[in-house]
Amino acid sequence: MTADELNAQSQRLEEQVRKQYWVDKVQIDVLELEVGWETIRMTFDDRVVEYRASYVGAEPISTLIDVADALDGCYNGYREEKCFVQWQKEPGFIEITFYRKEDRDYIEMSIESDDPEIDGYSAYFDYSVFKDAVIKASLTVLKKYGIVGYSLGWNKSYHTFPVHQLLALLGIKSSISTESDERYSSVFEELEILKNTLIQAE
(Lines give C-alpha, C1' and ligand atoms only; values in the text may rest on other atoms or scores of the structure.)
Protein backbone atom coordinates (compact mmCIF):
# COMPACT_ATOMS: atom_id res chain seq x y z
CA MET A 1 0.00 0.00 0.00
CA THR A 2 1.38 3.39 -1.00
CA ALA A 3 1.72 6.40 1.31
CA ASP A 4 -1.23 8.09 -0.43
CA GLU A 5 -3.39 5.01 0.00
CA LEU A 6 -2.46 4.76 3.70
CA ASN A 7 -3.32 8.41 4.15
CA ALA A 8 -6.68 7.98 2.41
CA GLN A 9 -7.43 4.94 4.57
CA SER A 10 -6.54 6.86 7.71
CA GLN A 11 -8.83 9.72 6.69
CA ARG A 12 -11.72 7.32 6.05
CA LEU A 13 -11.29 5.69 9.45
CA GLU A 14 -11.13 9.09 11.15
CA GLU A 15 -14.31 10.16 9.37
CA GLN A 16 -16.10 7.01 10.53
CA VAL A 17 -15.09 7.67 14.15
CA ARG A 18 -16.13 11.31 13.85
CA LYS A 19 -19.57 10.37 12.53
CA GLN A 20 -19.99 7.85 15.34
CA TYR A 21 -19.24 10.37 18.11
CA TRP A 22 -20.60 13.54 16.48
CA VAL A 23 -22.93 15.78 18.50
CA ASP A 24 -25.00 18.67 17.15
CA LYS A 25 -25.87 20.47 20.38
CA VAL A 26 -23.61 21.69 23.18
CA GLN A 27 -25.03 23.43 26.25
CA ILE A 28 -23.17 24.73 29.31
CA ASP A 29 -24.87 25.68 32.58
CA VAL A 30 -23.57 26.87 35.94
CA LEU A 31 -25.89 25.22 38.46
CA GLU A 32 -24.36 26.42 41.71
CA LEU A 33 -21.80 28.98 42.82
CA GLU A 34 -20.50 29.37 46.34
CA VAL A 35 -17.15 30.45 47.72
CA GLY A 36 -14.60 27.94 46.47
CA TRP A 37 -17.06 25.66 44.66
CA GLU A 38 -18.89 25.69 41.35
CA THR A 39 -21.17 23.06 39.85
CA ILE A 40 -21.13 23.04 36.07
CA ARG A 41 -23.16 20.95 33.66
CA MET A 42 -22.18 20.35 30.04
CA THR A 43 -24.71 18.66 27.77
CA PHE A 44 -23.65 17.09 24.46
CA ASP A 45 -26.90 16.21 22.66
CA ASP A 46 -28.44 13.94 25.32
CA ARG A 47 -25.23 13.10 27.19
CA VAL A 48 -24.76 15.06 30.42
CA VAL A 49 -21.39 15.70 32.06
CA GLU A 50 -21.88 17.34 35.47
CA TYR A 51 -19.07 18.27 37.82
CA ARG A 52 -18.63 20.12 41.12
CA ALA A 53 -15.29 21.89 40.86
CA SER A 54 -13.31 23.35 43.75
CA TYR A 55 -11.02 26.39 43.84
CA VAL A 56 -7.96 24.08 43.84
CA GLY A 57 -8.33 24.04 40.06
CA ALA A 58 -9.16 26.87 37.69
CA GLU A 59 -12.63 28.43 37.65
CA PRO A 60 -14.71 26.46 35.10
CA ILE A 61 -16.40 29.19 33.04
CA SER A 62 -13.18 31.22 32.75
CA THR A 63 -11.21 28.20 31.58
CA LEU A 64 -13.84 27.40 28.94
CA ILE A 65 -13.70 31.03 27.74
CA ASP A 66 -9.92 30.62 27.54
CA VAL A 67 -10.28 27.41 25.50
CA ALA A 68 -12.82 28.90 23.08
CA ASP A 69 -10.54 31.91 22.61
CA ALA A 70 -7.32 29.91 22.22
CA LEU A 71 -8.76 27.46 19.68
CA ASP A 72 -9.56 30.33 17.32
CA GLY A 73 -7.10 33.05 18.34
CA CYS A 74 -9.89 35.56 18.97
CA TYR A 75 -7.98 37.63 21.52
CA ASN A 76 -4.34 37.71 20.42
CA GLY A 77 -4.56 36.25 16.90
CA TYR A 78 -2.57 33.14 17.83
CA ARG A 79 -4.53 29.92 17.46
CA GLU A 80 -3.79 26.88 19.58
CA GLU A 81 -4.32 23.38 18.23
CA LYS A 82 -4.79 21.65 21.57
CA CYS A 83 -6.07 22.86 24.95
CA PHE A 84 -7.08 21.14 28.14
CA VAL A 85 -8.74 22.04 31.42
CA GLN A 86 -8.52 20.23 34.73
CA TRP A 87 -10.91 20.68 37.65
CA GLN A 88 -10.70 19.19 41.14
CA LYS A 89 -13.43 18.15 43.54
CA GLU A 90 -11.29 17.06 46.51
CA PRO A 91 -10.94 14.16 46.07
CA GLY A 92 -11.38 13.47 42.41
CA PHE A 93 -10.61 15.18 39.13
CA ILE A 94 -11.75 15.72 35.58
CA GLU A 95 -9.47 16.60 32.66
CA ILE A 96 -10.99 17.64 29.35
CA THR A 97 -8.88 17.88 26.21
CA PHE A 98 -10.00 19.95 23.23
CA TYR A 99 -8.24 19.37 19.90
CA ARG A 100 -8.74 21.38 16.73
CA LYS A 101 -6.44 21.08 13.73
CA GLU A 102 -5.64 24.25 11.84
CA ASP A 103 -7.62 23.35 8.72
CA ARG A 104 -10.73 22.13 10.56
CA ASP A 105 -13.90 23.78 11.85
CA TYR A 106 -14.67 21.06 14.37
CA ILE A 107 -13.34 20.06 17.77
CA GLU A 108 -12.42 16.64 19.09
CA MET A 109 -13.02 16.42 22.84
CA SER A 110 -12.02 13.67 25.26
CA ILE A 111 -12.50 13.30 29.03
CA GLU A 112 -10.42 11.62 31.70
CA SER A 113 -11.80 11.37 35.23
CA ASP A 114 -11.87 9.23 38.34
CA ASP A 115 -15.65 9.14 37.82
CA PRO A 116 -16.40 6.03 35.71
CA GLU A 117 -19.64 7.60 34.46
CA ILE A 118 -17.74 10.18 32.41
CA ASP A 119 -14.21 8.74 32.12
CA GLY A 120 -13.35 7.97 28.50
CA TYR A 121 -16.20 9.98 27.00
CA SER A 122 -15.39 11.47 23.60
CA ALA A 123 -17.27 13.73 21.23
CA TYR A 124 -16.86 15.76 18.06
CA PHE A 125 -18.69 19.03 17.42
CA ASP A 126 -18.45 22.25 15.44
CA TYR A 127 -16.24 24.93 16.94
CA SER A 128 -18.97 27.52 16.40
CA VAL A 129 -21.44 25.43 18.43
CA PHE A 130 -18.96 25.22 21.33
CA LYS A 131 -18.11 28.93 21.11
CA ASP A 132 -21.80 29.90 21.18
CA ALA A 133 -22.40 27.67 24.21
CA VAL A 134 -19.48 29.26 26.09
CA ILE A 135 -20.68 32.79 25.25
CA LYS A 136 -24.26 32.04 26.30
CA ALA A 137 -23.15 30.48 29.62
CA SER A 138 -20.82 33.42 30.30
CA LEU A 139 -23.52 36.00 29.64
CA THR A 140 -25.99 34.12 31.83
CA VAL A 141 -23.46 34.09 34.66
CA LEU A 142 -22.69 37.81 34.28
CA LYS A 143 -26.38 38.75 34.25
CA LYS A 144 -26.98 36.75 37.41
CA TYR A 145 -23.89 37.60 39.48
CA GLY A 146 -22.15 40.56 37.86
CA ILE A 147 -18.40 40.78 37.21
CA VAL A 148 -17.29 41.62 40.76
CA GLY A 149 -19.93 39.42 42.39
CA TYR A 150 -18.96 36.39 40.34
CA SER A 151 -15.24 36.81 40.97
CA LEU A 152 -15.74 37.20 44.73
CA GLY A 153 -18.29 34.41 44.76
CA TRP A 154 -15.84 31.97 43.24
CA ASN A 155 -12.78 32.45 45.42
CA LYS A 156 -12.99 35.87 47.05
CA SER A 157 -10.35 38.18 45.57
CA TYR A 158 -8.14 35.57 43.90
CA HIS A 159 -9.89 35.46 40.54
CA THR A 160 -10.74 37.96 37.82
CA PHE A 161 -13.44 37.22 35.26
CA PRO A 162 -11.85 37.36 31.76
CA VAL A 163 -14.06 40.06 30.27
CA HIS A 164 -11.38 40.89 27.70
CA GLN A 165 -11.51 37.37 26.25
CA LEU A 166 -15.30 37.30 26.30
CA LEU A 167 -15.33 40.56 24.34
CA ALA A 168 -12.92 39.02 21.84
CA LEU A 169 -15.29 36.06 21.41
CA LEU A 170 -18.08 38.58 20.80
CA GLY A 171 -16.06 40.09 17.96
CA ILE A 172 -14.22 43.06 19.50
CA LYS A 173 -10.91 43.64 17.72
CA SER A 174 -7.98 45.79 18.78
CA SER A 175 -6.32 48.29 16.48
CA ILE A 176 -2.60 48.97 16.08
CA SER A 177 -1.12 52.45 16.08
CA THR A 178 1.04 52.88 12.98
CA GLU A 179 3.27 55.31 14.85
CA SER A 180 3.99 53.46 18.11
CA ASP A 181 2.86 49.91 17.31
CA GLU A 182 0.70 50.05 20.43
CA ARG A 183 -2.58 48.18 20.56
CA TYR A 184 -5.72 49.93 21.65
CA SER A 185 -9.49 49.47 21.62
CA SER A 186 -12.50 51.65 22.44
CA VAL A 187 -13.72 51.10 25.99
CA PHE A 188 -17.00 52.84 25.08
CA GLU A 189 -17.56 50.46 22.18
CA GLU A 190 -16.67 47.50 24.39
CA LEU A 191 -19.06 48.54 27.16
CA GLU A 192 -21.83 49.23 24.65
CA ILE A 193 -21.43 45.83 22.99
CA LEU A 194 -21.32 44.04 26.34
CA LYS A 195 -24.38 45.95 27.56
CA ASN A 196 -26.43 45.29 24.40
CA THR A 197 -25.42 41.64 24.29
CA LEU A 198 -26.41 41.12 27.92
CA ILE A 199 -29.77 42.80 27.32
CA GLN A 200 -30.44 40.56 24.31
CA ALA A 201 -29.25 37.36 26.02
CA GLU A 202 -32.02 35.03 27.14
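Bear in mind that the values here come from a model prediction, so they are computed numbers and not experimental data.

Visitor: An account of the overall build of the protein chain is requested, with residue identities and associated values reported.
Guide: Across its full length, the protein chain holds six helices and nine strands. By residue count, 41% of the 202 residues in the protein chain fall in the buried class. Residue pairs at least 24 apart in sequence account for 49% of intrachain contacts in the protein chain once pairs closer than 6 positions are excluded. For the protein chain, the exposed surface amounts to about 11,800 Å²; the carbon and sulfur share of it is 47%.

Visitor: Could you give an account of the packing of aromatic side chains, with specific residues and numbers?
Guide: Considering all chains together, one arrives at eight aromatic pairs under this definition. For the pair phenylalanine 125 and phenylalanine 130, a centre-to-centre distance of 6.0 Å together with 35 degrees between the ring planes defines the contact as tilted. Comparing phenylalanine 125 with phenylalanine 130, the two get one shared label, buried. Three or more aromatic residues link up through ring pairs in this structure, and these residues are Phe44, Phe98, Tyr121, Phe125 and Phe130. Over the face of the ring belonging to tryptophan 37 we find arginine 52, whose NZ or CZ atom lies 4.3 Å from the ring centre. When the ring centre of tyrosine 127 is taken as origin, the NZ or CZ atom of arginine 100, which lies over that ring, is 4.4 Å away.

Visitor: Describe in detail the sheet that holds strand 2 (residues 37–44), supporting the description with residues and values.
Guide: Taken in spatial order, the three strands make up an open sheet running 1-2-3, and their pairing is antiparallel. Single-partner strands in this sheet number two, and they are strand 1 (26–34) and strand 3 (47–54). Each strand axis lies, on average, 15 degrees off the axis of its neighbour in the sheet, ignoring direction. Bridging between strand 2 and strand 3 involves eight bridges; their strand directions are antiparallel. Bridging from a neighbouring strand, threonine 39 pairs with arginine 52 of strand 3. The sheet contacts of helix 2 (residues 60–70) involve strand 1, strand 2 and strand 3, and relative to strand 2 the element is tilted by about 45 degrees.

Visitor: Describe in detail unusual backbone geometry, supporting the description with residues and values.
Guide: The omega torsion of the bond from glutamate 90 to proline 91 falls at -5 degrees, within 30 degrees of zero and hence cis. Mapped onto the fold, proline 91 is located in the loop between strand 4 (82–88) and strand 5 (93–99). Residue aspartate 45 is not a glycine yet carries a positive backbone phi of 55 degrees. For aspartate 45, the position within the fold is in the loop between strand 2 and strand 3. We note that glutamate 90 has phi near 50 degrees; this positive angle belongs to a residue other than glycine. Looking at where glutamate 90 falls in the secondary structure, it is placed in the loop between strand 4 and strand 5. With a relative accessible area of 44%, glutamate 90 lands in the partly exposed category.

Visitor: Explain the pattern of salt bridges residue by residue, including any values.
Guide: Taken as a whole and assessed by the stated rule, the structure comprises four salt bridges. The salt bridge partner of aspartate 72 is arginine 100, with a shortest N-O separation of 2.9 Å. Residue aspartate 72 is located in the loop between helix 2 and strand 4, and its partner arginine 100 is located in the loop between strand 5 and strand 6 (106–113); the two are separated by 28 residues in the primary sequence. Judged by relative accessible area, aspartate 72 falls into the partly exposed class, the value being 29%. The class for arginine 100 is buried, based on a relative accessible area of 4%. One connected set of salt bridges, linked through shared partners, spans Asp72, Arg100 and Asp105.

Visitor: Report on helix 6 (residues 187–200), specifying residues and quantitative values.
Guide: With 14 residues, helix 6 extends 20 Å from end C-alpha to end C-alpha; this agrees with the ideal 20 Å at 1.5 Å per step. Those residues of helix 6 lying buried are Glu190, Leu194, Thr197 and Leu198. The buried residues of helix 6 all sit within an arc of 100 degrees when viewed along its axis, so they share a single face. For helix 6, the exposed residues set more than 90 degrees away from the buried face come down to Phe188, Ile199 and Gln200. Buried residues along helix 6 sit against helix 3 (127–145) and helix 5 (163–169).

Procedures and definitions
Residues numbered from 1 in each chain as written. Predicted model: local features only at pLDDT ≥ 70, side-chain atom pairs only at ≥ 80, totals over all residues. Heavy atoms only, no water. Helix = DSSP H or I, 4+ residues; strand = E, 2+ residues; numbered from the N terminus. Buried < 20%, exposed > 50% of the residue type's maximum accessible area, 1.4 Å probe, protein only. Contact = heavy atoms within 4.5 Å. Areas by Shrake-Rupley, 256 points an atom, 1.4 Å probe, with all protein chains shown as cover. Phe/Tyr/Trp six-rings, centres within 6.5 Å; stacked < 30°, edge-to-face > 60°. Lys NZ or Arg CZ within 6 Å of the ring centre and 35° of its normal. Pairing = 2+ DSSP bridges. Axes fitted to C-alpha atoms, helices over the stretch in contact; angles between N-to-C directions. Salt bridge = Lys/Arg side-chain N within 4 Å of Asp/Glu carboxyl O. Expected span 1.5 Å × (residues − 1). Arc of directions from axis to C-beta.

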